[in-house]
Every structure is written in structure tokens, then in C-alpha cells.
Amino acid sequence: MSVPDHELTHRVGNFSVLLSPTPRSARLARLLARRHLRGWGLPSDPAELIVAELATNAATHGRVTGRDFRLALHVVADTLRIEVTDTRADRLPHLAPPPAPDAESGRGLLLVEALADRWGVARGPYPRKTVWAELTVRTGGPEACEIDRIVDGRMTNRAVGVPFEDVLRETRERRE
């Protein structure tokens, strides 16, 4: 059976929202991403973590009083593109060396680098910049549900911490 020319043969999904540049909105960005990814039948891990890092950076380093940042999620076939746009084109993100083990910040882009298949920055139109990351995704099956269950368990039990080095090691092992 052939597919008519006017029918899509692959998954397409889009979501976009403006959020105020605050820590609360960065958290909301993560929760909204989880909701939409699950609604599309996609696992929220590791996309949810990437959204959290990029939204936190926009709320912290891309903050301009009175100007919102935008979270956008695009799914085409097996690619998820996460975009966070803010109005500080003069402050471009860059990878820094890993911080000291006892440092409380400075790991966000290292996580994005480790978890995303590709990521980068697009300028414009002035004064905006968009930090984007792309992931190859699979439809939500039993394995995706199990990953979400484990992540949800870790999120509800804040006493369970996962060292940064373990996250990087596990991510590299999954890719190999």
C-alpha cells in the first residue's frame, strides 16, 4: 500500500512558549517540556535535563529586565530540536573547563555537550540569540517509560544525588 503524496510519513510536533527570566520559569520550562514530550510519545530523558540547563542559562545569563525568553520544541521524524531564545546576544555561551568537584555551578553546558547529539548558538535578529540542541529520539516504548520512571523517582527523592561524573560516564556508555 502506498502513501498518498499529501500525507505525512513521519512524526511532527511543535511547541513554543514565552517565559519570564526567573528561576521559577526555568523550572516551568522543564515541566512543560516533560508534558509535551510525553504527549508526543517520546521519553523525557535526556531532553528534560537539556531544557532545564538552557532555560536556567537564559534566566540567569540572558536576563534583561522586562524581556522574556522563549522555549521551543520541534520534532521532525526522529529528531527533537530544543531552542531557548533570549535577548542577550552580547553574551554567547561557551564551554568552560570542568569546575572544581565542590563547585555549585558551571556544569550546565558540559551536560548539554554530553547529552545532545548536536548543539550550538544562532544569532539574531538583534538583540536575540538562540541556543539550540538536537537529539535523536525514539518513540516511547517500555524502555522509555522505565527511564522516565527512574528519573521521576530521583526527582521526588531529593536526598538521592547523582554525581556529575556518573551522569557523564553513563551517557558516554549509552552512546557506545
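Bear in mind the structure is a predicted one, so any value in this text is a computation, not a measurement.

Enquirer: Describe the pairing of strand β5 (residues 129-136), with residues and values.
Expert: Taken across its eight residues, β5 has seven buried, putting it largely inside the fold. With eight bridges connecting them, strand β3 (residues 79-86) and β5 associate as antiparallel partners. If you follow E83 over to β5, its bridge partner there is W132. Note that strand β4 (residues 118-123) and β5 share six bridges and pair antiparallel. Counterpart to A122 in the pairing with β5 is T130. Turn length for the β4-β5 hairpin, with the two strands adjacent in sequence and antiparallel, is five residues, and the turn residue G124 shows positive phi of about 95°.

Enquirer: How would you sum up the nonpolar core? Please name residues and give values.
Expert: Counting 32 residues, the largest nonpolar core has I50, L54, L71, L73, L80 and I82 as the members making the most contacts within it. Put simply, the parts of the chain that give this core at least two residues each are β1 (12-19), α1 (23-39), α2 (47-60), β2 (69-76), β3, α3 (108-115) and β5. With seven residues, α2 is the single largest residue contributor to this core. In this view, L73 contacts G13, N14, F15, A33, H36, W40, V51, L80, R81 and I82; residues no more than four positions away in its chain are not counted.

Enquirer: Residue-level account of the pattern of salt bridges, with values.
Expert: The final tally for this structure, using the stated rule, is seven salt bridges. Between E134 and R81 there is a salt bridge, with its nearest N and O atoms 2.8 Å apart. Taken as a pair, E134 in strand β5 and R81 in strand β3 lie far apart in primary sequence, 53 residues in all. What makes R81 partly exposed here is its relative accessible area of 22%. Among the salt bridges present, the one from D90 reaches R88, with a minimum N-O distance of 3.0 Å. Taking relative accessible area as the criterion, D90 reaches 59% and is therefore assigned exposed. Looking at R88, the relative accessible area reads 22%, which means it is partly exposed.

Enquirer: I'd like a rundown of the sheet that holds β1, residues and numbers included.
Expert: On the basis of which strands lie adjacent, the open sheet formed by five strands has the order β1-β2-β3-β5-β4 and antiparallel pairing. Whereas interior strands pair on both sides, the edge strands pair on one side only; in this sheet they are β1 and β4. Strand-to-strand twist of the sheet, defined as the mean angle between neighbouring strand axes without regard to direction, takes the value 15°. Pairing of β1 with β2 involves eight bridges; the strand directions are antiparallel. The partner of V17 across the bridge, within β2, is L71. Seen against the sheet, α2 touches β2, β3 and β5 and runs at an angle of roughly 10° to β3.

Calculation notes
- Residues numbered from 1 in each chain as written.
- Predicted model: local features only at pLDDT ≥ 70, side-chain atom pairs only at ≥ 80, totals over all residues.
- Heavy atoms only, no water.
- Buried < 20%, exposed > 50% of the residue type's maximum accessible area, 1.4 Å probe, protein only.
- Helix = DSSP H or I, 4+ residues; strand = E, 2+ residues; numbered from the N terminus.
- Pairing = 2+ DSSP bridges.
- Core = buried A, V, L, I, M, F, W, Y, C linked by side-chain atoms within 4.5 Å.
- Contact = heavy atoms within 4.5 Å.
- Salt bridge = Lys/Arg side-chain N within 4 Å of Asp/Glu carboxyl O.
- Axes fitted to C-alpha atoms, helices over the stretch in contact; angles between N-to-C directions.

Read these as geometric descriptors, not functional statements.
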